[in-house]
Amino acid sequence: MASRMVGIAAFSAALLISGAALAEDALKLAELSPSGADVCFGRVYDAAHLKAHVHQKVARIFFYYGHDPVSRPNEEPATMSDAAYNGFLTTTVRGAKKPEWAAGWCNKEDPGDKASGIRCGMECDRTLAMLKVDDKGRLILSNLQPDVYLDAGAEEDLGKAKYNEQALGSEDDNFKLDPMPAETCKAEFARIDPIDPALGDPLRVRLKPDQPFCFGRDYDDAHLKSHPKQLTQSIRVFRGPVELASFAAGGDAANWPDGADIAVSVTTRQKGKKVTQTYSCQGEADQWRCSASSKMSDFACDISQKEIFLKRGANGTMMLANPNNAVAVVDLCSKAAGGKTKSDDKVYRLQPMPQSACAP
């Protein structure tokens, strides 16, 4: 099924390279920004306008030309933090509680022609919008596609009715946006995903490549009695001497946490035996995506597809998600491990612990 994209978080290495190549030209469109500073254009439509344009879904629209107003430090390596996007669009449709957004690279269609139009392209050779500034300094934003926030091929995947429900309206194009302070756009983009101060720094900042860590939880009898389908009695997530040595030998601190090994030890209530499994992680948006590794054991199946996800939790905690039986509460090669986790072992909230609590 096609689904709405959360910003433009995923793209190929080739696109990253081409994006980086455009970074130097990011703020060289004098038509949009004569001074070279970040600029904002926007418009909020009143009830009278929307009543007169029944096929326009967009009630608020802002376009920001400059440095990324949306992203903030996340779990991707620092070397991946600048995708060189320079055009950012956000719209809020009627009745929506928060905006949606997309980003692209804005450049002259013909660099050798001063009268050439400005095209903002997206990944997969899609167009975000065409831009020009009129004699009153307003931004004319055109060629905005109805599926700008949908995956490619969404109409075929969703069906016509669902597609029309999720796509923009037939009058959502040719917008005239007024110049506004840059802070106005930043405030609008901040509505997309408000910061939760309790979450603190990303894991990749809190956890250093050359330092061990230990997180875990021991479930008491009262908890286990109230969760009869939970198999986990005790769990630890850690990096110790073995994992540190592995990263020191072959890891790249500049790309931390990509290539970081972690170990997960689980004691189940039925067997009472501790099982430890190693995973290799990489930063992905706001989480670490960690694939099971065969470094410690031989397996009868390809366990690289057995994945868990680590995310920062509130007040220094760590969240571990196990959606597909990738934590060794069952044999990773068993038939049961091939599907969704059926027990109450899907999400763990783990507390920081002394390293001694994670000793083998």
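Coordinates for the structure precede this section.
Predicted model, so just to flag it, every value in this text is computed and none were measured.

Notes on the environment of phenylalanine 41
Step number 1: Positionally, phenylalanine 41 belongs in strand S1 (residues 39-44).
Step number 2: Taking the C-alpha atoms as reference points, phenylalanine 41 and isoleucine 61, separated by 20 residues in sequence, lie 8.5 Å from one another.
Step number 3: If we skip the residues at most four places from it in the chain, phenylalanine 41 touches Leu32, Ile61, Phe62, Phe63, Gly137, Leu139, Leu177, Asp178, Pro179, Met180 and Cys185.

Overview of the packing of aromatic side chains
Step number 1: In total, this model carries six aromatic pairs according to the counting rule given.
Step number 2: Centre to centre, the rings of phenylalanine 213 and phenylalanine 215 are 5.8 Å apart; their planes meet at 70°, and the pair counts as edge-to-face. With respect to class, phenylalanine 213 is no different from phenylalanine 215; both count as buried.
Step number 3: Relative to tryptophan 288, the ring of tryptophan 256 has its centre 5.6 Å away and its plane inclined at 90°; by these criteria the two rings are edge-to-face.

Some remarks on the side chain of arginine 239
Step number 1: You can see arginine 239 is positioned in strand S10 (residues 232-239).
Step number 2: If sequence neighbours within four positions are ignored, arginine 239 has contacts with Lys208, Pro209, Gln211, Pro212, Phe213, Leu244, Phe247, Trp256, Ala260, Asp261, Ile262 and Gln355.

Looking at the state of the cysteines
Step number 1: This model, assessed by the stated rule, comprises four disulfides.
Step number 2: Between the sulfur of cysteine 106 and that of cysteine 120 lies a disulfide, 2.0 Å long from S to S. A torsion of 105° about the S-S bond marks the disulfide between cysteine 106 and cysteine 120 as right-handed. In this pair, cysteine 106 is assigned in strand S4 (residues 100-108) and cysteine 120 in strand S5 (residues 118-121), connecting sequence segments 14 residues apart. Taken individually, cysteine 106 and cysteine 120 each receive the classification buried, so the pair is uniform in this respect.
Step number 3: A disulfide bridge connects cysteine 214 with cysteine 358, and the sulfur atoms are separated by 2.0 Å. When the S-S torsion is 75°, as for the bridge of cysteine 214 with cysteine 358, the disulfide is right-handed. Linking cysteine 214 in strand S9 (residues 213-218) with cysteine 358 in the segment after strand S16 (347-352), this pair joins segments that are 144 residues apart in sequence.
Step number 4: Relative accessible area serves as the criterion here: at 5%, cysteine 358 is assigned to the buried category.

Rules and cut-offs
Residues numbered from 1 in each chain as written. Predicted model: local features only at pLDDT ≥ 70, side-chain atom pairs only at ≥ 80, totals over all residues. Heavy atoms only, no water. Helix = DSSP H or I, 4+ residues; strand = E, 2+ residues; numbered from the N terminus. Contact = heavy atoms within 4.5 Å. Phe/Tyr/Trp six-rings, centres within 6.5 Å; stacked < 30°, edge-to-face > 60°. Buried < 20%, exposed > 50% of the residue type's maximum accessible area, 1.4 Å probe, protein only. Disulfide = S-S within 2.5 Å.

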